[in-house]
Amino acid sequence: MRVPILIPNIFNYPFTYESNLKLRLGDYVQVPFGKAKAIGVVWDEFEKNKNKNYAMKQVIKKFEVPNLNKNTIRFLNWFSEYNMIPKGMALKLVLLSSKVVEELPKKNYESFNNKIKTNEFQLSPQQKENLKKMNISNQKFRVHVLQGVTGSGKTIVYFEALKKILDKGLQGLILLPEIGLTGQFEKKFIEFFGFKPAIWHSAITKKNREIIWSGIVNQKINVVIGARSSLFLPFKNLGLIIVDEEHDQSYKQDEGVIYNARDMAISRASFENIPINLITAVPSIETFKNVKVKKYKISKILNRFKNASLPNYEIIDLNKSKLPSKSWISQEVIEKVKKYLKKKDQVLFFLNRRGFAPFVFCKRCLKKYLCPNCSINLVYHKHNKNLLCHYCGYKENLKRRCNNNDTCDFIFSGPGVERISEELKKIFPDQKHIIFSSDTMNKKDSSKILEKIVNNKISILIGTQLISKGFHFPNLNCIVVVDIDLSSQGHDLRGAEKNLQLYHQLSGRAGRTGKPATVYFQTYNLNKNMIVDITNKNPDIFLEKELEIRKKNNLPPFQRFISLILSSNDERKLQKNSLEFKNYINGKLNSDVLGPVNAPIYKIRKKFRVRLLIRGKKTLKIQNSLSLAIKNFKFEKGIKLSVDVDPINFN
Ligand SMILES: [Zn+2]
Ligand SMILES: [Zn+2]
C-alpha cells in the first residue's frame, strides 16, 4: 500500500512511502529520510506532482501513539495555506520532538489531577446572565465575545463555562497573551477547579513539555493554559477554546513561523467544530467588526465586581507646570500622589520605556551610541551599567574617554523607567519602590516580588507595558502616566487602537477593590483626540469611529494586507532584487503591490531590510498566487524573504 507521509521540515508536501502495516490517517510513523530516519505523520493527500521518479521506500514502524485527528490535519493544511508556511513546518509546531513520540507511554501525569472540586465562588446576577448567553448547550462551532470592563470578573464566568465542558469529559484550552507571569492566574485556577492546570509556554522545561504533550494525546490532561504555541497541541477531544485578552497584540508571532494565534484559534475551533470564547475589555477592531456584521455573538458585563467603580481620569497640563530640566514629575502630581500614599494606597508611575535613557551622546566629542548591528539607538541601562540594543541584544560599556583623551561629557536624552525611579526616590525617599519591566520581572524571584506588591509591602511601582497585563493588585488606586505622548507607540495604522487598548488595560489595574481611584495623564499635548478617546468610558464610540476610518481608507479589517520583508547583508543586491521581485509579482496577484521601501528600522542584526506591502480582497487567492510567484521567482543567493499575513508591526 502507498501512503503519503508528511515530515516536519521545510517541505510543503508529503512524501510517498510503501507499507504493509495497517496505517490510519494521522498515525505517527518512522521512515527512512535521506540517509537518516525521520518521524512523520500519515497525511490526507498525496503530493500532486506525480512525475517524480524515485524508488519508493518502506515505512520502518508505526508508533503506539493515538493518531492525529483528521480535523487537526485539515486545520494544519489550511494554516499552511493561509500563512504561506510549508505544511511540514506547520506539522513541526505539533511534533515538537521525536523523543516525545518514541517514549510516550511511560509518563507521569499525577501532578495534573483532573478532579474538579466544589468551590466557594458565587456569580453576580450579571455574571450569571453572561454565562447563560455564552454557554448555550450547542457544542458546535460559534464565536462568542465576552466583553466586560476591567475587574468585572470575566475569568470566573469563563471558568464556569469551561467547567461544564470538562464535566462532559472534553478537553479545554485557555490562551493567555503574557504567560511568563501566570502565577496569579494559576492560583485563581486552582482555587476554582481544585487541580493544577498544565501550563505551556516557551520557557517550560523539556521534560514538562513532553509530559504535557503525551498527557494531551492520551487524554490524561484535560486543561492547558498556554501561550501561542499551545494552539498546536494534538488534543484528542478538544471541547472549548478560550482566548483571554483577545485584543492583545502579543498573540501575533512575529518571528520564524509568523501567524496570529487569536485568528488561528478561531480557525482551529471551526475545523474542530467546537465553540470558542473571546474575552476582552475592549475588543480588537477585527472582533468589533465581526460582532457588528453578526458573525460573532457578544455579551457584556458593564459593572465591576461588587460594584467597584472604574477609576476617574484627570489630565495634568505639563505646559503649566514648568518642570525643571531632568525632571518629569510635576508638582501637581506629587501633591496628589502624597494623598494616596498617606492612605497606604499603592501608586503606579507608567512609562513604556525600559532602561534609564533611550539615547546617549557626548557633547565634547559628539560620539553617539548606536547599535553596530541595527539602525537604532542603544538604550542606557544604568542598573546593569551598560548600553543595550533592544532589537538584537548587543551590549557595550559607556566609555568615559573622548577621542582626544578628555573625559566624556554625556548627555542622557529622555527618561526611561530607571530614570523616573531615581527621580521618585528623591521625591519620596521613605517609600519602597520597584521597577516593573521585563528587565526586572522575568527572573526567578518575580513571584516573590508580585507577592510583595499584592501584600502592599511596596508603595511605589514604576512600570512599563508589562504591568498592564491582567494583574490584580488590590491596593493600587492611583496611576500616573508620566507622559502620554512619550508612551505612544509610533506611527502605524494600528497606533490609535494600540493606545486605546494599552491605556484601558492600564487603568483597569486601579481601584479593583472598590476604593476611589484616579489615573492622571501628564501631557504637553492637550488637543489630542487620543486623550478624549481613552478617557471615554465607552470604548465602542472609539471603535465605531476607527472602523469608519479603516473602511474609508481601504485598510484592514476591510482589506487583506500581506507584508513581505526582504533582507540581506548585501545592500545593493537587496535593492536590486526587491525591485525585480516587485516587477515580477506586479500584475500577477490581482491586488495592489506597494513599495519597495526601506523598512523604518532599515538594519536589524546586520541585515538590511526592504518592505513590500500587498493589499487586496480577503480571499485565499492572494496567498495562492503569491505563493506560486515566490516559488517561481529566482532570488539571488543571500536574499531572505519573510512573509507576514495580516501584519501588526511595520518596523
Ligand atoms: Zn542591535
Ligand atoms: Zn566624549
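Worth saying up front: this structure is predicted, and the values here are computed from it rather than measured.

As for the overall build of the protein chain
Counting secondary structure elements, the protein chain contains 20 helices and 29 strands. A compact globule built from 651 residues would reach a C-alpha radius of gyration of about 26 Å, and the protein chain, at 27 Å, matches this within 12%. In terms of overall dimensions, the protein chain has C-alpha extents of about 80 × 70 × 50 Å along its principal axes. The proportion of buried residues among the 651 residues of the protein chain is 54%. The contacts in the protein chain between residues at least 6 apart in sequence include a share of 75% that link residues at least 24 apart. Of the accessible surface of the protein chain, which amounts to about 30,600 Å², a share of 50% is contributed by carbon and sulfur atoms. Charge separation in the protein chain, taken as the distance between the mean sites of 111 positive and 58 negative side-chain charges, equals 3 Å.

Things to note about the packing of aromatic side chains
Within this structure, the stated rule accounts for 41 aromatic pairs. Geometrically, the ring pair formed by F159 and F185 is edge-to-face, given 5.8 Å between the ring centres and 70° between the ring planes. You can see F159 sitting in helix α5 (residues 154-167) and its partner F185 sitting in helix α6 (residues 183-193), a full 26 residues away along the chain. Aromatic pair Y584 and F633: ring centres 5.3 Å apart, planes at 50°, arrangement tilted. With Y584 in helix α19 (residues 571-585) and F633 in the loop between α20 (620-632) and β29 (640-645), the pair connects residues that are 49 residues apart, well separated along the chain.

Section: the coordination of the zinc ion (ligand 1)
Around the zinc ion (ligand 1), the protein contributes the donor atoms C371 (SG), C374 (SG), C389 (SG) and C392 (SG), which lie 2.2 to 2.4 Å from the metal centre. For the zinc ion (ligand 1), the four donor atoms are set out with angles of 104 to 114° between them, so the coordination reads as tetrahedral. Look at where the donors of the zinc ion (ligand 1) fall in the sequence and you get C-x2-C-x14-C-x2-C. Of this pair, C371 sits in the loop between β17 (359-362) and β18 (379-381) while C392 sits in the loop between β19 (386-388) and β20 (395-396), and the two are 21 residues apart along the sequence. Assessed through its relative accessible area of 23%, C392 is described here as partly exposed.

Details of the coordination of the zinc ion (ligand 2)
Coordination of the zinc ion (ligand 2) by the protein comes from C362 (SG), C365 (SG), C402 (SG) and C408 (SG), over a distance range of 2.1 to 2.3 Å. Between the four donor atoms coordinating the zinc ion (ligand 2), the angles at the centre fall across 101 to 123°, so the site counts as tetrahedral. Read in sequence order, the donor residues coordinating the zinc ion (ligand 2) give the pattern C-x2-C-x36-C-x5-C. Taken together, the residues C362 in strand β17 and C408 in the loop between β20 and β21 (410-413) connect sequence positions 46 residues apart. Of the two residues examined, C362 and C408, each falls in the buried class.

Section: the side chain of S563
Mapped onto the fold, S563 is located in strand β26 (residues 560-568). For S563, a relative accessible area of 0% corresponds to the buried category. Polar contacts involving the side chain of S563 include one to the side chain of R611, which spans 2.6 Å. With residues up to four places along the chain from it excluded, the contact list for S563 reads R611, L612, L613, S642, V643, D644 and P647.

Description of the sheet that holds β29
Taken in spatial order, the four strands of this open sheet run β27-β28-β26-β29, and their pairing is antiparallel. On the outer flanks of this sheet lie β27 (592-604) and β29, each paired with one strand and no other. On average, each strand axis in the sheet is inclined to that of its neighbour by 20°, with strand direction left out of account. Sheet analysis places β27 next to strand β28 (residues 607-616), joined by seven bridges and oriented antiparallel. Counted as the bridge partner of V593 is I614 from β28. Packed on one face of the sheet, α19 meets β26, β27 and β28 and runs near 15° to β28.

Considering the environment of K399
With respect to the helices and strands, the residue K399 is situated in the loop between β20 and β21. Placed 161 residues apart in sequence, K399 and L238 show a C-alpha to C-alpha distance of 57 Å. With near-sequence residues (within four places) excluded, K399 lies in contact with Y369, C408 and F410.

Thoughts on the side chain of S567
Its location among the elements puts S567 in strand β26. If we ignore the near neighbours within four places in the chain, the residues touching S567 are L574, K607, F608, R609, G638, I639 and K640.

Quick word on the sheet that holds strand β2 (residues 15-18)
Reading across from one edge, β2-β1-β4-β3-β5 is the order of the five strands in this open sheet, with antiparallel pairing throughout. Among the strands making up the open sheet, the edge pair consists of β2 and β5 (61-62). Relative to strand β4 (residues 36-42), strand β1 (residues 2-6) runs antiparallel, the two being bridged by two bridges. Bridge assignment links I5 to a residue of β4, and that residue is V42.

With respect to the pattern of salt bridges
All chains considered together, the criterion is met by 27 salt bridges. The salt bridge involving K343 is made with D345; its shortest N-O contact spans 3.9 Å. Assessed through its relative accessible area of 45%, K343 is described here as partly exposed. Shared partners join several salt bridges into a network, and the residues in it are E246, R262, D263, E286, R494, E497, E546 and R550.

Here we look at the packing of α5 against α6
Their axes nearest at 11 Å, the elements α5 and α6 cross at an angle of 50°. When the axis of α5 is compared with that of α6, the two are oblique. Handedness of the α5/α6 crossing: right-handed. Together, T155, I156, Y158, F159, E160, L162, K163 and L166 of α5 and F185, K188, F189, F192 and F193 of α6 make up the contact between the two elements. Considered class by class, the residues forming the contact of α5 with α6 number nine nonpolar, one polar and three charged.

Overview of the pairing of strand β16 (residues 346-350)
With respect to burial, β16 is a largely interior element, five of its five residues being buried. Here β16 shows no split at all, with Q346, L348 and F350 on one side and V347 and F349 on the other all buried. Across five bridges, the pairing between β16 and strand β24 (residues 476-481) is parallel. In the strand pairing of β24, L348 is matched with I479. Pairing between β16 and strand β23 (residues 460-463): four bridges, direction parallel. Following the sheet pairing, F350 is matched in β23 by G463.

A look at the packing of helix α1 (residues 70-83) against α20
At a closest axis distance of 8 Å, the pairing of α1 and α20 adopts a crossing angle of 70°. Taken together, α1 and α20 sit at an angle that is classed as roughly perpendicular. On α20, the residues that touch W78, E81 and Y82 of α1 are L620, Q623 and N624. Residues of the contact of α1 with α20, tallied by class, amount to three nonpolar, two polar and one charged.

Thresholds applied
- Residues numbered from 1 in each chain as written.
- Chains lettered and ligands numbered in written order.
- Predicted model: local features only at pLDDT ≥ 70, side-chain atom pairs only at ≥ 80, totals over all residues.
- Heavy atoms only, no water.
- Helix = DSSP H or I, 4+ residues; strand = E, 2+ residues; numbered from the N terminus.
- Rg over C-alpha atoms; globule rule 2.2 N^0.38 Å.
- Buried < 20%, exposed > 50% of the residue type's maximum accessible area, 1.4 Å probe, protein only.
- Contact = heavy atoms within 4.5 Å.
- Areas by Shrake-Rupley, 256 points an atom, 1.4 Å probe, with all protein chains shown as cover.
- Lys, Arg positive; Asp, Glu negative; His and termini not counted.
- Charge placed at Lys NZ, Arg CZ, Asp CG, Glu CD.
- Phe/Tyr/Trp six-rings, centres within 6.5 Å; stacked < 30°, edge-to-face > 60°.
- Donors = N, O, S within 2.8 Å, 3.2 Å for Na, K, Ca; no water.
- Tetrahedral: all angles 85-135°; square planar, octahedral: opposite > 155°, others 65-115°.
- Polar contact = N/O pair within 3.5 Å; in protein donor to acceptor, adjacent residues only side chain to side chain.
- Pairing = 2+ DSSP bridges.
- Axes fitted to C-alpha atoms, helices over the stretch in contact; angles between N-to-C directions.
- Salt bridge = Lys/Arg side-chain N within 4 Å of Asp/Glu carboxyl O.
- Parallel < 35°, antiparallel > 145°, perpendicular 65-115°, else oblique.
- Left-handed = near helix turned anticlockwise from the far one by under 90°.
- Nonpolar A, V, L, I, M, F, W, Y, C, P; charged D, E, K, R; others polar.

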